[in-house]
Amino acid sequence: MSDSEEEQVKQAPIIKPHQKQQKDFYAEQLQANEEAESQAPLLVVVQGPKGSGKTTLIKSLVKHYTGQKIKKLVGPVTVRSNKQHRVTFVECPSDINAMSDLSKVADLALILIDASIGFEMETFEYLSLLNNHGFPNVMGVLTHIDFFKDNKQLRKTRKKYKKRFEYETGGNYKLFYLQALKNEYYLKQDIHNLARFISIIKIAPVRWKTEHPFILADRFEQGKDNTTTFYGYVRGCTYRLNDRIHFVGQGDYYIDSFEEVLDPVEIINNQKKHRSLKDTEKLVYAPMSSVGALTIDATAGYITIPQPLFTEKNKFVNNEEQEDEEIEEQEQQQELPEGVRMVRELQKLTEGIDKQLEEEEDVQLLEGFELEEDKPIKKKNSQQQIQQQRELVRLKNRVNIKIENGTVMPITDTLLATDLHELIYQNKNGINEFDSVRYIPKVQDRDSYREIKELFVTGFYGQTDVVDLENLEKQIEEEQLEEEQEQVQEKPDDNQKEKDDNQKRQQLVNQLTNSNLGLYKKGTYVKIVIKDLSSSIKDDYPMILARSEVGEDNLGFIKIRIKKHRWHSNILKSNDPIIISLGWRRFQTIPIYCVQDPNDRLRFVKYTPEYDYCYAIFYGNFAPQGTGLVCTQSLSNKLSKFRIAATGVVLEMNHQFDVMKKLKLVGEPFKVIKNTAFIKGMFNSSLEVAKFQGGLIKTVSGLRGHIKKPSKLGPDGSFRATFEDKIQISDLVFCRTWVRMHIERFYRLITSNVKLMKTMWELRQEKQIPLEFKPDSTYQDQERVPVKFAPLRIPNNLQQNLPFESKEKVKSLSFRERLRQQVEKNLPVKSNMTDKEKEVYSLIQRLNTIKNEKEKKREQKDIQKQKVKEAQIKGQKQHLEEGKRKYKQQKQKDKFIKQVKKQQQQQ
Ligand SMILES: Nc1nc2c(ncn2[C@@H]2O[C@H](COP(=O)(O)OP(=O)(O)OP(=O)(O)O)[C@@H](O)[C@H]2O)c(=O)[nH]1
């Protein structure tokens, strides 16, 4: 061994035996956990709009898996799909609460789409709910395809729906087609394909469920002492028992008792490889529905026997009719299976078989066959039965029966078939059981087999059929050999046996410790008792009992990222109540919306943006970061508009959040001395000024300044401020401030009998209050007078010190300019013109003056005309608006009066 290798060996950790044991133990535990995890029934939620075929689909699937027919479907239905796999089907009502609850628990969602209508609003709502509560596996199912008679149109529609479904679900999920209905069930082949897909589907883990155990109750009972008992499988993950439970949609309750009970649809744990089920192993568990003839309600179970099987025929019908009916019945019975026919005939009997046997000698046990020789053999319907008859008669003529003491008794002609059984099997222990399939008595040992064999000796005693006996012996020997071989094969080696024993023991220990520690693994069937349930339970509504996680029932402020749903018609308003579905709980709260400024300040916004994200802060129960949530505005199920108002995700939880609203204080200067200005109108008292001392202020023109001290000049609340330059007296001065917004501590858990807070809109509608008119809030035309600034005059001192570039230059003036200056300064003007030129010049001047005057007048007229026109238009507009307002008010009044009258009439 080289040095490096030696070093490696030295560095490698030494695994001690007890460490290995521990490692093995953990590996086993892990494996056991994995096994247990796979054992919870797959929860399939069947969702779709009204009349899309949800019930029909569940019934068809149950019939496919178990052969059982469900008459009335209520609540969850669990079926055994194969030995290791169970499936629970739940129908999802169109109620938004039920949809939201079931979207949180589904392993697989079957989304039904009625092809004759197309995608409906519920489908999009449910997809949105699934999206925000951790997207589980989804599958689309297209029903009502038989609505399309034209093949081309059908193909086109299927393609269109497939494309849309893929777009909505992200392209990873399948869309199944259910071609048609046959006898109120979908076609076998379609259902077979769908069932196969359900059985093999790999379930994507949803984070919420892997951390939050729950029970979807499939049965409940209400006791006399105000207790309610729920039964269901533990799902999600291992249930660690605590003293409280959250009944989704009902509230939190203390657990009275919680225990494991017998699983109604157990997994079959045998080692055989094939997983398919025998008929006897097929099982459906639907305690609230009526399956086949069995109906279970809260207090009792009933078996329904179809009408024709138990009603006695009317005895007073005339004979002809009766005969006709009998013929009809016979014809019907010929089509029925033999077993059914026998049972029906037995039901017709007015007295017991024993009595009939006593009274009559020729009672038939085998139909169409009489053992009495005198009587002719009756005509049979089927060829097979005739053959059977002949063989039996032949047997009867030849048979001699050996009785136990060895004597041979010849058969009498009148021997009854019933006596045959007694004669053959009398006093034989262990051979009374019949294998009804093969008609071979079950035998414990070889001797008894032989004894029975002797009973079937044909002919006289002594002339036994030697070949038969040999065959039989051979057969027995072969069977024994086979049995031994099987035993040898099945016999496990000692190690394996020991391992199995250990495993069993470990399982038992685990079970005991788990139940003592209050751990209930996923897939355990449990019974939960809670007391004093405050409201009644609807059995067609999902009953989800979730573990109350520590901290999740605490209340505090939560910051979420939220986005208005693109299909919701209105934007959301701050301080308007909203219903939020977060975690297991649904509650009403009052959020305020905000956005984040670059300096991390949360700035209040009155409405949510139309297409963008913003933040919302509300008072609610805590949920882990990253949990998705869905907001709705009401619980009403009117489908007039898209019910999901917004969706979001939890970002942060805290006892308080600072959401600030911008507030601009405006003031006017009333005295300006150089860079100092005295400002009024910004504050109401000198105390307020003292609070803002040192604060930053700004003029409209952009000059910055500081608030100095309260001033005695001017009204109360005036102050002295300094600016970086002298401000104008006409300037406005602003002070930008922020006000902390109050977030309401309002929280109302949604239960079945909760009263919700109304939104402003609802209140206005109810009380007929029109929108408040604020004249200040309306936009008005602004008339801005242009400011006349005084000409710039630079003092001589300053001008002398200025650099040459900025100095005033000596300009050479033109003749005209010089003239104007002379006129302005009243200096005598030297004229070079002749008299004639002067005359012409003065004439031109006069004409110009006249022209200018005329133009001036025309301009003034035009302006006046324009003003008149504008005034006319303005007047018309105001008049129109006034008219509109009055009309609206009148309409609202009429509506209100009508409602009042209606209410009075109803009273
Ligand atoms: N022609 C045709 N009829 C169908 C199909 N699927 C369902 N139906 C019929 O549609 C009707 C409604 O079916 P249901 O299974 O009760 O539908 P649902 O979704 O459970 O209805 P709700 O419980 O009212 O929400 C029944 O009369 C069905 O027979 C289909 O593919 N083709």
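Given the structure is predicted, the values throughout are model-derived calculations rather than measurements.

Caption draft 1: Quick peek at the packing of helix 3 (residues 54–66) against helix 7 (residues 188–200). Viewed as axis vectors pointing N to C, helix 3 and helix 7 meet at an angle of 80°, and their least axial separation amounts to 10 Å. When the axes of helix 3 and helix 7 are compared, the pair comes out roughly perpendicular. In this structure, helix 3 contributes L57, S60, L61, H64 and Y65 to the contact, and helix 7 contributes I191, H192, L194, A195, I198 and S199. When grouped by side-chain class, the residues that make up the contact of helix 3 with helix 7 number 7 nonpolar, 4 polar and no charged.

Caption draft 2: Representation of the packing of aromatic side chains within the structure. Taken as a whole, this structure holds 22 aromatic pairs when the rule is applied. With 5.6 Å between their ring centres and 75° between their planes, F119 and Y161 make a pair best called edge-to-face. Of this pair, F119 sits in the loop between strand 5 (108–114) and helix 5 (121–132) while Y161 sits in helix 6 (residues 151–169), and the two are 42 residues apart along the sequence. By relative accessible area, Y161 is classed as buried at 9%. With 5.6 Å between their ring centres and 65° between their planes, W208 and W584 make a pair best called edge-to-face.

Caption draft 3: Inspection of the sheet that holds strand 13 (residues 244–247) at higher detail. One closed barrel holds the 6 strands; their spatial order is 10-11-24-14-13-25, and the pairing between them is antiparallel. On average, adjacent strands in this sheet sit at an angle of 45° to one another, irrespective of strand direction. As judged from the 3 bridges shared by strand 13 and strand 25 (residues 544–547), these two strands associate in the antiparallel manner. Bridge pairing links F247 to L545 in strand 25.

Caption draft 4: Quick peek at a nonpolar patch on the surface. Side chains of V666, V700 and L732 sit close together on the surface and give an oily, nonpolar patch of about 230 Å² of accessible area. Relative to the assigned elements, V666 resides in strand 34 (residues 659–673). Residue classification places V666 among the partly exposed positions, given a relative accessible area of 37%.

Caption draft 5: Here's a closer look at helix 5. Helix length check: helix 5, at 12 residues, gives a terminal C-alpha distance of 17 Å against a target of 16 Å (1.5 Å per residue), a fit within 8%. Taking burial as the measure, the 12 residues of helix 5 include 10 buried ones, the bulk of the element. Positive phi appears at G134, one or two residues downstream of helix 5, with a value of about 80°.

Caption draft 6: Region of interest: the site of the ligand. The ligand sits among 14 residues. The nearest are T55, T56, H144, D146 and Y186. In this structure, an oxygen atom belonging to the ligand sits 3.1 Å away from a main-chain N or O atom of G51. One nitrogen or oxygen atom from the main chain of S52 is found 3.2 Å from an oxygen atom belonging to the ligand. Here the element with the most residues in the shell around the ligand is helix 3; it accounts for 3 residues.

Thresholds applied
Residues numbered from 1 in each chain as written. Predicted model: local features only at pLDDT ≥ 70, side-chain atom pairs only at ≥ 80, totals over all residues. Heavy atoms only, no water. Axes fitted to C-alpha atoms, helices over the stretch in contact; angles between N-to-C directions. Helix = DSSP H or I, 4+ residues; strand = E, 2+ residues; numbered from the N terminus. Parallel < 35°, antiparallel > 145°, perpendicular 65-115°, else oblique. Contact = heavy atoms within 4.5 Å. Nonpolar A, V, L, I, M, F, W, Y, C, P; charged D, E, K, R; others polar. Phe/Tyr/Trp six-rings, centres within 6.5 Å; stacked < 30°, edge-to-face > 60°. Buried < 20%, exposed > 50% of the residue type's maximum accessible area, 1.4 Å probe, protein only. Pairing = 2+ DSSP bridges. Patch = residues over 30% accessible without salt bridge, like charges linked within 9 Å, V, L, I, M, F, W, Y side chains within 5 Å. Areas by Shrake-Rupley, 256 points an atom, 1.4 Å probe, with all protein chains shown as cover. Salt bridge = Lys/Arg side-chain N within 4 Å of Asp/Glu carboxyl O. Expected span 1.5 Å × (residues − 1). Near = heavy atom within 4 Å. Polar contact = N/O pair within 3.5 Å; in protein donor to acceptor, adjacent residues only side chain to side chain.

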